[in-house]
Amino acid sequence: MKAAVVKETSPGERRVALVPDAIARLRPAGIDVLVESGAGEAAWLPDAVYADAGASIVSAAELYQAADVILTVTKPSAAAVNELRKGQAIIGMLAPLADPDLAATLAARGVTVISLDGLPRTLSRAQPMDALTSQSNVAGYKAVLVAASEFGRFFPLLITAAGTARPAKVLVLGTGVAGLQAIGTARRLGAVVSGYDVRPSSKDEVESLGATFVELTSVGSAAGEGGYARELTAEERQAQQDELTGHIARHDVVITTAQVPGRRPPLLVTEDAIKAMTPGSVIVDMGASALGGNVTGSRPGETVVTGNGVTIVGADNLPATVPTAASNAYSRNISALLLHLTRDGALAIDPGDEIQAGVVIAHDGKVVHPGVAGLLLPAEGGAGVDGPSD
Ligand code: NAD
């Protein structure tokens, strides 16, 4: 089986799906690796290193001609979709719940679509494949560095002959994978750190990292299914925003990571909260998206300074800005999944397997993942779409 690593094409994307040291791990399973020339360059992995590790360096045209499985980080470009054909498979973080039409288009072309974002993350044997976790870790780390470089003061307590600098007070809102990594990183930089989440179980995790857990009196637990948060009701949301405002005003730096699967990111930092912050404060919104983020006025990929001197960074694809570490981790995840899917040197699609039931989105010309199929209207999905249509 030929697995092919494409050069990512989304703007600002510097990661690569497979790093050279994965090649030797795949070979015993009968997997040969093709690499599109320049695929690893932006992550400081030149073609020569892949060639030395045993990969064949090919042009894009040769790659789509020869590949059985295409390995990618994010969604393929429209041009790449047109190159894919029946019998080929694509594996990546393809966001099928956000973009079910892509899955339908690929299904109609006879392409098997496998997305790492559908992985059942709580299954212990799936953990080496958990790209959402590995990339959230990178993002949480980088968010703190972004905040520190925007901040006009030090993070640690510094006592020098020129005076004493008090440590920065950092508040992390949303303490899942990215938030906990942000807490750890801010602590290592010497800041005084607090964390808040609607899942009460995160209290112990926050405290074990040496941070203070912020408890709101007006909002109870919002633990949802599978370890995730549920969406708050309008009343809960209002109460949360009001009570958080006082906490936010007492901090120099706020990092927000809150997400609810399949929903818009919740708004945690309102205009009033921003107005209550002191000039020079910094907010990094990791939830920033085209639909809105955790912070009023944040825009993905942009940094804005408010009239009262608060810098708001709309963090956009932070893992791509730490490309080598993010690619190393992602490469481990995608290799583990590829090996799990491979039998006798070929992909063995088996919907009865718990991991495959989560990650296999389209196969045999049909969208087979019920959650994705359910998002496709009959007119859009065409004859090839299985599952509920409303
Ligand atoms: P996520 O990216 O969906 O959300 C980030 C955080 O935002 C979560 O902690 C969530 O509770 C929080 N949040 C959502 N709405 C909020 C609100 N209104 N106010 C405050 N916080 C809010 O989550 P994630 O980081 O992917 O992980 C979520 C959970 O899944 C965690 O418990 C994590 O430990 C667990 N998890 C487990 C495994 C495993 O078992 N192997 C793997 C990955 C994640």
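Let us look at the structure shown here.

What counts and how
Residues numbered from 1 in each chain as written. Predicted model: local features only at pLDDT ≥ 70, side-chain atom pairs only at ≥ 80, totals over all residues. Heavy atoms only, no water. Pairing = 2+ DSSP bridges. Helix = DSSP H or I, 4+ residues; strand = E, 2+ residues; numbered from the N terminus. Contact = heavy atoms within 4.5 Å. Axes fitted to C-alpha atoms, helices over the stretch in contact; angles between N-to-C directions. Parallel < 35°, antiparallel > 145°, perpendicular 65-115°, else oblique. Left-handed = near helix turned anticlockwise from the far one by under 90°. Near = heavy atom within 4 Å. Polar contact = N/O pair within 3.5 Å; in protein donor to acceptor, adjacent residues only side chain to side chain. Areas by Shrake-Rupley, 256 points an atom, 1.4 Å probe, with all protein chains shown as cover. Nonpolar A, V, L, I, M, F, W, Y, C, P; charged D, E, K, R; others polar.

## Comments concerning the sheet that holds strand 12 (residues 253-256)
Inference 1: Taken in spatial order, the 7 strands make up an open sheet running 11-10-9-12-13-15-14, and their pairing is mixed. In this open sheet, the two edge strands, each paired with only one partner strand, are strand 11 (212-213) and strand 14 (303-305).
Inference 2: Pairing geometry for strand 12 and strand 13 (residues 282-285), over 4 bridges, is parallel. Note that in strand 13 the partner of Val-254 across the bridge is Ile-283.
Inference 3: Across the sheet, helix 6 (residues 131-150) is in contact with strand 12, strand 13, strand 14 and strand 15 (311-314); its angle to strand 13 comes to roughly 155°.

## Here we look at the packing of helix 6 against helix 7 (residues 177-188)
Inference 1: The geometry of helix 6 relative to helix 7 is characterised by a closest axis approach of 7 Å and an angle of 40° between their N-to-C directions. When the axes of helix 6 and helix 7 are compared, the pair comes out oblique. Considering how the two elements wind past one another, helix 6 and helix 7 form a crossing that is right-handed. Contact residues: helix 6 offers Thr-133, Ser-136, Asn-137, Gly-140, Tyr-141 and Val-144, while helix 7 offers Val-177, Ala-178, Gln-181, Ala-182, Thr-185 and Ala-186.

## Quick notes on the site of the ligand
Inference 1: Lining the immediate surroundings of the ligand are 24 residues, of which Arg-121, Gln-127, Val-177, Asp-197 and Arg-199 lie closest.
Inference 2: A distance of 2.8 Å is found between an oxygen atom of the ligand and a side-chain nitrogen or oxygen belonging to Arg-121.
Inference 3: Protein chains shield 85% of the accessible area of the ligand, which is 830 Å² for the free molecule.
Inference 4: Its residues assigned to classes, the shell around the ligand shows 10 nonpolar, 10 polar and 4 charged.

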